[in-house]
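What follows is the residue order along each chain.
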Amino acid sequence: MIDDVRFARLLTDYCLEVQPGQQILVESSTLAGPLLLELQREILERDAWPLIRASLPGAGEGYWRAARDRHLDGFPSAELAEAEQLDASLRIQATENANALAGVDPARLSRAQRARSPLREVVLARRWAISLYPTAAAAQQAGMGTGEFTDFVTRALFLDRDDPAAAWGELRAFQAGLIERLTPKREIHIQAPGTDLKLTVDGRVWVNSDGKRNMPSGEVFTGPHETSAEGVIRFTIPTAPRGVVVEDVTLEFREGRVVSARAERGDDYLQATLDTDEGARFLGELGIGTNFGIDRPIGAILFDEKIGGTVHLAVGRSYPETGGTNESVVHWDMICDLRQGGSLSADGEVILADGQFT
């Protein structure tokens, strides 16, 4: 079993830095009940207000089956009012069925995502964090036994270390050195089987993702120049946005825009997402994974994009702190594995080769 006490303290102190009097929203499902109870206690002990929202298993699937036009084209004003009063929010993935939304029309999901954009911006403007609680369904998605998967999550979160927060500090220092190498560079060149892509990043800010928002984390990322991507990239690690499995994606870029796209599985979802809005066909993020405690994909992007020795690109919305300007309601990370014959170079200097930093 995962150590819920240590997990709750890491989230409360390291990720959220809870202070007296703050209002902290915690969202998950009832499957994360033991962790939610510990989080409630930890937040109360810091003299703050815990707002616990625990959904029932199957609630998401039932919502999308019954949702009418009103629910696809708007959101409740009460939810916006609450978001405006929050000091921080925490979302913990704890799924009963990783593919619960696989049967939902992608156009309905995109439609609702567009409508909820104002609410999402309010939430992102405040302190936020996201994590994952190991469940039997998540273990099955990862192709592991439940105990093996729990151990995997424990290592990825650094909860197996004597001082998890200090361990995240060590990774932050390594990533700071990587950013120092990347900051003066202009052009990034990614090469791998089926991949030959160039893009420019000069003047953009590289962000040190050290577990404060994503737990686990382990990446440095930036926003490439919006019209710079040229070439082809193949994403061989599957992703499962909203539970829809999409495998073996190839994107071709010209002047920064996706001009050709195909997926061996989930192609309908891919095409619908790229058609969500104009910004969905441009890149919002380039990230480099540094967490070698995550050594295999598990079907959860929170973990998979951090795999040490991989690179990921996101179509859609940029993070403003990187200097990126692309606007979209979409932000979809896809992962290119460089661990077997791949490389990432910056102005001709090899930064990453065969999954190892030079």
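This one's a predicted model, so the numbers in the text were calculated from it and none came from an experiment. Starting afresh in each chain, residues are numbered from 1 along the sequence in its written order. Residues qualify for local features only when their pLDDT is at least 70, as the model is predicted, and side-chain atom pairs are given and counted only at 80 or more; totals for whole chains, interfaces and linings, by contrast, use all residues. With hydrogens and water excluded, all non-hydrogen atoms of the structure serve as input to the side-chain values.

K.L.:
I keep staring at the overall build of the protein and nothing clicks. Help me out?
P.N.:
When helices and strands are counted, the protein shows twelve helices and 18 strands. Note that the radius of gyration is over C-alpha atoms, with the globule rule given as 2.2 Å times the number of residues to the power 0.38. Its C-alpha atoms give the protein a radius of gyration of 20 Å, within 12% of the compact-globule value 21 Å for 358 residues. Taking the principal axes of its C-alpha atoms as reference, the protein extends roughly 50 × 50 × 40 Å. Accessible area is worked out with a 1.4 Å probe on protein chains only. A residue is then buried under 20% of its type maximum, exposed over 50%, and partly exposed in between. Counting all 358 residues of the protein, 53% fall into the buried class. Taking contacts inside the protein between residues at least 6 apart in sequence as the whole, the part at least 24 apart equals 72%. Total accessible area computed for the protein in this model is approximately 15400 Å², and 48% of it derives from carbon and sulfur atoms. The average position of the 37 basic charges and that of the 54 acidic charges among the side chains of the protein differ by 3 Å. Put simply, DSSP marks the helices as runs of H or I at least four residues long and the strands as runs of E at least two long, and each gets a number from the N terminus on. Contacts were defined at the residue level, with two residues in contact if any of their heavy atoms lie within 4.5 Å. All accessibility values rest on the Shrake-Rupley procedure with a 1.4 Å probe; residue burial counts only the protein chains present in the view. We count Lys and Arg on the positive side and Asp and Glu on the negative side, and we leave His and both chain ends out. Where a charge lies is defined by one atom per residue type, namely NZ (Lys), CZ (Arg), CG (Asp) and CD (Glu).

K.L.:
How should I be thinking about the pattern of salt bridges in this particular structure?
P.N.:
Salt bridges are defined by distance alone: a side-chain nitrogen of Lys or Arg within 4 Å of a carboxyl oxygen of Asp or Glu. Taken as a whole, this structure holds 28 salt bridges when the rule is applied. One salt bridge connects E61 with R65, and the closest N-O pair in it is separated by 3.4 Å. Placement of the pair is E61 and R65 together in helix 3 (residues 59-66), with a separation of four residues, close to one helical turn. The class for E61 is partly exposed, based on a relative accessible area of 34%. Classification of R65 by relative accessible area gives exposed; the value is 62%. The partner of R296 in a salt bridge is E148, with the nearest N and O atoms 3.5 Å apart. Note that R296 is positioned in the loop between strand 13 (283-289) and helix 12 (301-304) and E148 in helix 9 (residues 146-156), a separation of 148 residues in sequence.

K.L.:
Help me out: how do you make sense of the sheet that holds strand 2 (residues 49-55) in this one?
P.N.:
Hydrogen bonds along the backbone pair up the strands of a sheet, which may run parallel or antiparallel. If DSSP finds at least two bridges between two strands, the strands pair. Judged by pairing direction, the sheet is parallel, and its five strands sit side by side in the order 2-1-3-4-8 without closing on themselves. Strands at the two margins of the open sheet, each flanked by one partner only, are strand 2 and strand 8 (214-215). Two strands pair when backbone bridges link them, and strand 1 (residues 23-29) and strand 3 (residues 88-93) are joined in this way by four bridges, in the parallel orientation. If you follow I24 over to strand 3, its bridge partner there is A88.

K.L.:
Honestly, the sheet that holds strand 13 in this entry has me stumped. Any pointers?
P.N.:
Strands sit in the order 7-9-13-14-15 across an open sheet of five strands; the sheet is antiparallel. Of all strands in the sheet, those bounded by a partner on one side alone are strand 7 (207-209) and strand 15 (331-337). Each neighbouring strand pair of the sheet contributes to a mean axis angle of 25 degrees, computed without reference to strand direction. Strand direction decides the pairing type here: strand 14 (residues 310-316) and strand 15, joined by seven bridges, are antiparallel. Paired with V315 across the strands is W332, a residue of strand 15. Fitting a line to C-alpha atoms yields each axis, with helices limited to the stretch in contact; the angle taken between N-to-C directions then spans 0 to 180 degrees. Packing against the sheet, helix 10 (residues 164-182) makes contact with strand 7, strand 9 (219-222) and strand 13, and its axis sits at approximately 155 degrees to strand 7.

K.L.:
Sorry, what's going on with the packing of helix 6 (residues 106-115) against helix 7 (residues 117-124) here?
P.N.:
Two numbers describe a pair of packed helices, the interaxial angle and the distance between the axes. Their axes nearest at 5 Å, the elements helix 6 and helix 7 cross at an angle of 60 degrees. Here helix 6 is positioned oblique relative to helix 7, judged by the angle of their axes. Where helix 6 approaches helix 7, its residues Q113, R114 and A115 are matched on the opposing element by S117, P118 and R120. Roughly parallel here means an angle under 35 degrees, roughly antiparallel means over 145, roughly perpendicular means 65 to 115, and every remaining angle is called oblique.

K.L.:
What is the right way to read the packing of aromatic side chains from this model?
P.N.:
In this description, a pair of aromatic rings is defined by centroid distance and the angle of the planes. Classification of ring pairs uses Phe, Tyr and Trp, with its six-membered ring standing for Trp, and accepts pairs whose centres are within 6.5 Å; under 30 degrees between planes counts as stacked, over 60 as edge-to-face, and the remaining range as tilted. Throughout the structure, instances matching the rule amount to eight aromatic pairs. Judged by centre distance (5.5 Å) and plane angle (85 degrees), the ring pair of Y63 and W64 falls under edge-to-face. Look at Y63 and you get partly exposed, because its relative accessible area is 40%. Residue class for W64 comes out buried when judged on its relative accessible area of 16%. By definition here, charges over rings are those cases where NZ of Lys or CZ of Arg is within 6 Å of the ring centre and within 35 degrees of the ring normal. Its guanidinium or amino end placed over the ring of F158, R161 lies 4.4 Å from that ring's centre, counting from NZ or CZ. For the cation-ring pair, K212 lies above Y14, with the distance from its terminal atom to the ring centre recorded as 4.1 Å.

K.L.:
How should I be thinking about the nonpolar core in this particular structure?
P.N.:
Burial of nonpolar side chains together is a common tendency in soluble globular proteins. Nonpolar cores are built from buried Ala, Val, Leu, Ile, Met, Phe, Trp, Tyr and Cys residues. Side-chain atoms within 4.5 Å join them into one set. Residues I188 and L251 are the most contacted members of the largest nonpolar core, which totals 50 residues. Apart from the residues lying within four places of it in its own chain, the contact partners of L251 are G231, V232, I233, F235, V258, S260, A261, L270, V315 and M334. In terms of nonpolar packing, the next biggest core, distinct from the first, is built from 49 residues, Y14, C15, L36 and A139 among them.

K.L.:
Looking at this structure, I do not really get helix 10. What am I missing?
P.N.:
Multiply 1.5 Å by the residue count of a helix minus one, and that product is the helix's expected span. The terminal C-alpha atoms of helix 10, which comprises 19 residues, lie 27 Å apart, in line with the 27 Å expected from a rise of 1.5 Å per residue. Among the residues of helix 10, P164, A167, W168, G169, L171, Q175, L178, I179 and L182 are the ones counted as buried.

K.L.:
Explain the pairing of strand 14 here, please?
P.N.:
Sheet faces and side chains relate simply in a regular strand, where the side chains alternate between the two faces. Taking burial as the measure, the seven residues of strand 14 include seven buried ones, the bulk of the element. In this sheet, strand 14 lies alongside strand 13 in antiparallel orientation, the contact comprising five bridges. Each bridged residue has a counterpart across the sheet, and for E285 the counterpart in strand 14 is A314.

K.L.:
Would you explain helix 7 in this entry?
P.N.:
Side chains that are three or four residues apart share a direction in an α-helix, a result of its 3.6 residues per turn. Among all positions in helix 7, only S117, L119 and V122 are buried. Those residues of helix 7 that are buried are in contact with helix 5 (77-85) and helix 6.

K.L.:
How do you make sense of the pairing of strand 12 (residues 257-265) when you look at a structure like this?
P.N.:
In this structure, strand 11 (residues 247-254) lies alongside strand 12, joined through seven bridges in antiparallel fashion. Residue pairing in the sheet places T250 in a bridge with R262 of strand 12.

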